2 protein chains.
Amino acid sequence: MRQGRTYSIALVGATGIIGREILSILEEREFPVGRLKLFASEKSEGEVLEFHSAEVPVSRLKQGVFKEVDLTFFSAGPTSSQEFAPEAVREGAIVIDTSNAFRMDPFVPLVVPEVNRQALLDHRGIIASPRSSTIQLVLILKPLHDAARIKRIVVSTYQAVSDTGRRGVEELDQQIRDLFNFHDVTIDVFPHQIAFNCLPQCGVPLENDYTEEEVGIANETKKIMGDDRMALTATTATIPVFYGDSESVNIETERKLSAHEVRLLLAQAPGIAVVDHLARVQYPQSLHTVGTDKVFVGRIREDHSVEHGVNLWIAADNLRKGGALNAVQIAEALLLEKL
Amino acid sequence: MRQGRTYSIALVGATGIIGREILSILEEREFPVGRLKLFASEKSEGEVLEFHSAEVPVSRLKQGVFKEVDLTFFSAGPTSSQEFAPEAVREGAIVIDTSNAFRMDPFVPLVVPEVNRQALLDHRGIIASPRSSTIQLVLILKPLHDAARIKRIVVSTYQAVSDTGRRGVEELDQQIRDLFNFHDVTIDVFPHQIAFNCLPQCGVPLENDYTEEEVGIANETKKIMGDDRMALTATTATIPVFYGDSESVNIETERKLSAHEVRLLLAQAPGIAVVDHLARVQYPQSLHTVGTDKVFVGRIREDHSVEHGVNLWIAADNLRKGGALNAVQIAEALLLEKL
């Protein structure tokens, strides 16, 4: 990063669960923020957020606001990204989008900096950050693919209600309070009661009987890994935890990898923490990921149901590495590459 | 069942979470119970349970109690089964054991009546009922295996705290109450906090870095299906739900099965309810299994990451079909076969 230079930053969706996390990570990592503009929907207009002890007002989006902005984070959902991200690019800003709007757009790089930083070189103004479940997955796939070529992945997810934003968190909280007070449960954000329940659905249903999340993980993983031969099938479920997404991952490789080799490869790779001692009941837990930056991996063991198989378990903070942190890391990589 | 004849029944572990369920299912299904003897550990001695409006005292186990007993259910854990089941057989009773004590004993049939009722013919006094996660799995594997030969299964489980008995249920309940009242959480039954957490461990750790539950599912499935070539790998996790076990199941078959064929085969098979309309957000949910007898299956879809693959999602009441009901169904099959 060039010493002394600061950047004019805009953040769309500033009051949302990912937006607030982006602000706090920009602070924490001392990102060279010069001017800061915060935007949110009508109902948050007039709110004031704190950044490095300064009070920053939240405004509504309109034409022209991105002039003289270097970098804009979009974290207000796909509709707002579709409407305003191209506008921001036209006005001269680079956009880092955490929504689903552009992830599979062939002209938009989809980036996890530890995995495919080089994809940034081709950007045309918009860079997409993958969904949480993809980010944590590709981080552990990359070193194993480089070492032994991954042929097929079967993944089942255990996702937190915060993947659905602050309203998902509030719904689980309220449902539990209602149940413990013998009140009826109100169902609004999720299609069914989520308290003390397990829902095999994340994202909207698609026509092929997969959910948007399941197709998204498969497509995004292939795009980021740059290997269309890599086969992946996903089943995604929401469980009653507030924060932290977990995934059960079964991997088939072309060349044999012992559990020991997998542990070594992952321990040396960036962004990963190996927590793997089953006999001492040490493994990744969704609860322990909260507020951390790493993808935790454990339960590493060979799978003898196939020629060269490995099972493992991963967990990460879905709002940080799975969302806000990855977006800020993309911004840091852009500055380093002087893009 | 022979009209009019009743049977002298004993139940070991009568006050436990599975024991109470066995009692209530014997009532509900009007099992021809004549004399009924209830046993539990020292601390439950003197308790009285109700059966068909009669009050039945709970006693401690000792030598000689199984004389003149036709059938004994054991649901007090492996130690008590190991100690007293052979004794019960010597005293003339047939034993149906829901614990892990004899499941993989080559001289003990391991039975899910809808799947391998014929295995009962070879019993030598003890019959084992599989673990909950195996029971619901083999029920849906059987019709698919018969139709297209299953080569490999990758299963990830989402298991309820009641798999660990009443103390597991109490621990989740207490931890949530403590957290909502800003108290410290007490950890006792599970190795870590289970409230709002996801633990990739069910059962004790084994030396091969798999858990007892993971190895159990694989071995029991092969034994029940009677096919050693069927490859299975399992990852098991406990999630913060009270009742109802769910499983994400990926199946590779020798012959092609369309999603439509899978739905038809499963809809016609005994003990199964197909709940599968993703567009209408209909799929099996752990919460909906409570108090039911079926294994629910949904999210049925072809998996194109392998030549002939299918993904599906199952859920069942872990205390009923996954425990007490299967044991009572074994007893009913024994009577029907006059064994």
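For the structure, see preceding data.
Residues numbered from 1 in each chain as written. Chains lettered and ligands numbered in written order. Predicted model: local features only at pLDDT ≥ 70, side-chain atom pairs only at ≥ 80, totals over all residues. Heavy atoms only, no water.

1. A look at the pattern of salt bridges
Two side chains of opposite charge can pair, provided their charged atoms sit close to one another.
Residue and element names in this part refer to chain A.
Phase 1 of the analysis: What the rule picks out here adds up to 52 salt bridges over all chains.
Phase 2 of the analysis: The salt bridge partner of D227 is R149, with a shortest N-O separation of 3.7 Å. Separated by 78 residues along the polypeptide, D227 in the loop between α6 (212-225) and β9 (231-238) and R149 in the loop between α4 (132-148) and β8 (150-159) bring together distant segments of the chain. Of the two residues, D227 and R149, neither departs from the other in class, the shared state being buried.
Phase 3 of the analysis: When salt bridges that share partners are traced, they join E21, E28, R29, D293, R320 and E332 into one network. (Salt bridge = Lys/Arg side-chain N within 4 Å of Asp/Glu carboxyl O. Helix = DSSP H or I, 4+ residues; strand = E, 2+ residues; numbered from the N terminus. Buried < 20%, exposed > 50% of the residue type's maximum accessible area, 1.4 Å probe, protein only.)

2. Quick word on the pairing of strand β6 (residues 94-97) of chain B
Residue and element names in this part refer to chain B.
Phase 1 of the analysis: Neither face of β6 is left uncovered, since the one carrying I94 and I96 and the one carrying V95 and D97 both have all their residues buried.
Phase 2 of the analysis: Here strand β5 (residues 71-74) pairs with β6 via four bridges, running parallel. For F73, the partnering residue across the bridge sits in β6 and is I96.
Phase 3 of the analysis: When β6 meets strand β7 (residues 126-128), the two strands line up parallel, connected through three bridges. When the sheet's bridge partners are listed, I96 is paired in β7 with I127. (Pairing = 2+ DSSP bridges.)

3. Notes on the interface of chain B and chain A
Interface size, as often reported, equals the accessible area lost upon joining of the parts.
Phase 1 of the analysis: With 59 residues of chain B in contact, the opposing surface of chain A contributes 59 residues.
Phase 2 of the analysis: The contact between chain B and chain A buries some 4900 Å² in all, and 57% of this surface belongs to carbon and sulfur atoms.
Phase 3 of the analysis: Scanning the region where chain B abuts chain A turns up eight salt bridges.
Phase 4 of the analysis: One salt bridge in this structure joins R263 of chain B and D209 of chain A, with 3.5 Å as the shortest N-O distance.
Phase 5 of the analysis: In this assembly, chain B and chain A are joined by 46 residue pairs in polar contact (both at pLDDT 80 or more).
Phase 6 of the analysis: Counting only elements with at least two residues in the side of chain B that touches chain A, the list comes to β8 (150-159), α5 (166-180), β9 (231-238), β10 (245-253), α8 (286-289), β12 (295-303) and β13 (309-316) of chain B.
Phase 7 of the analysis: By residue class, the composition of the side of chain B that touches chain A is 30 nonpolar, 18 polar and eleven charged. (Contact = heavy atoms within 4.5 Å. Buried area = accessible area lost by both parts, 1.4 Å probe. Polar contact = N/O pair within 3.5 Å; in protein donor to acceptor, adjacent residues only side chain to side chain. Nonpolar A, V, L, I, M, F, W, Y, C, P; charged D, E, K, R; others polar.)

4. Here's the deal with the environment of A119 of chain B
Phase 1 of the analysis: When you line up the elements, A119 of chain B lands in the loop between α3 (113-116) and β7.
Phase 2 of the analysis: Here the alpha-carbon distance between A119 of chain B and P130 of chain B, two residues eleven residues apart in the chain, equals 13 Å.

5. Here we look at α5 of chain B
Phase 1 of the analysis: Here α5 of chain B contains 15 residues, and its C-alpha end-to-end distance of 22 Å stays within 8% of the 21 Å for a straight helix at 1.5 Å per residue.
Phase 2 of the analysis: Residues of α5 of chain B that are buried include every one of G168, V169, E171, L172, Q175, I176, D178 and F180 of chain B, and no others.
Phase 3 of the analysis: Taken together, the buried residues of α5 of chain B touch α5 (166-180) of chain A together with α1 (17-28) of chain B.
Phase 4 of the analysis: Just downstream of α5 of chain B lies F182 of chain B, where phi reads positive at about 60°. (Expected span 1.5 Å × (residues − 1).)

6. Focus: the packing of aromatic side chains
Phase 1 of the analysis: As enumerated under the stated definition, the model contains 13 aromatic pairs over all chains in all.
Phase 2 of the analysis: With centroids separated by 5.9 Å and ring planes inclined at 35°, the aromatic side chains of F66 of chain A and F74 of chain A adopt a geometry described as tilted. Per residue, the accessibility class of F66 of chain A equals that of F74 of chain A, and both read buried.
Phase 3 of the analysis: Through pairs of rings, three or more aromatic residues link up here, namely Y158 and W313 of chain A together with Y158 and W313 of chain B.
Phase 4 of the analysis: Cation over ring: R301 of chain A sits above Y210 of chain B, and NZ or CZ is 4.5 Å from the ring centre. (Phe/Tyr/Trp six-rings, centres within 6.5 Å; stacked < 30°, edge-to-face > 60°. Lys NZ or Arg CZ within 6 Å of the ring centre and 35° of its normal.)

7. Let's talk about helix α9 (residues 320-336) of chain B
All names here are of chain B.
Phase 1 of the analysis: Its 17 residues place the ends of α9 only 21 Å apart at the C-alpha level, less than the 24 Å of an ideal helix rising 1.5 Å per residue.
Phase 2 of the analysis: Of all the bends in α9, the largest measures some 40° and sits at N326.
Phase 3 of the analysis: The buried count for α9 comes to 16 of 17 residues, which makes it a mostly enclosed element.
Phase 4 of the analysis: Positive phi appears at K338, one or two residues downstream of α9, with a value of about 50°. (Bend = angle between axes of the 7 residues up to and from the residue.)

8. A short note on the relation of the copies chain B and chain A
Phase 1 of the analysis: Mapping chain B onto chain A calls for a screw motion: a turn of 180° about the axis and a shift of 0.0 Å along it, with 0.0 Å RMSD after fitting. Both chain copies can therefore be described as sitting about a two-fold axis.
Phase 2 of the analysis: The share of interface residues of chain B whose copies in chain A are also at the interface is 100%, consistent with both copies meeting through the same surface. (Least-squares fit on C-alpha atoms with pLDDT ≥ 70 in both.)

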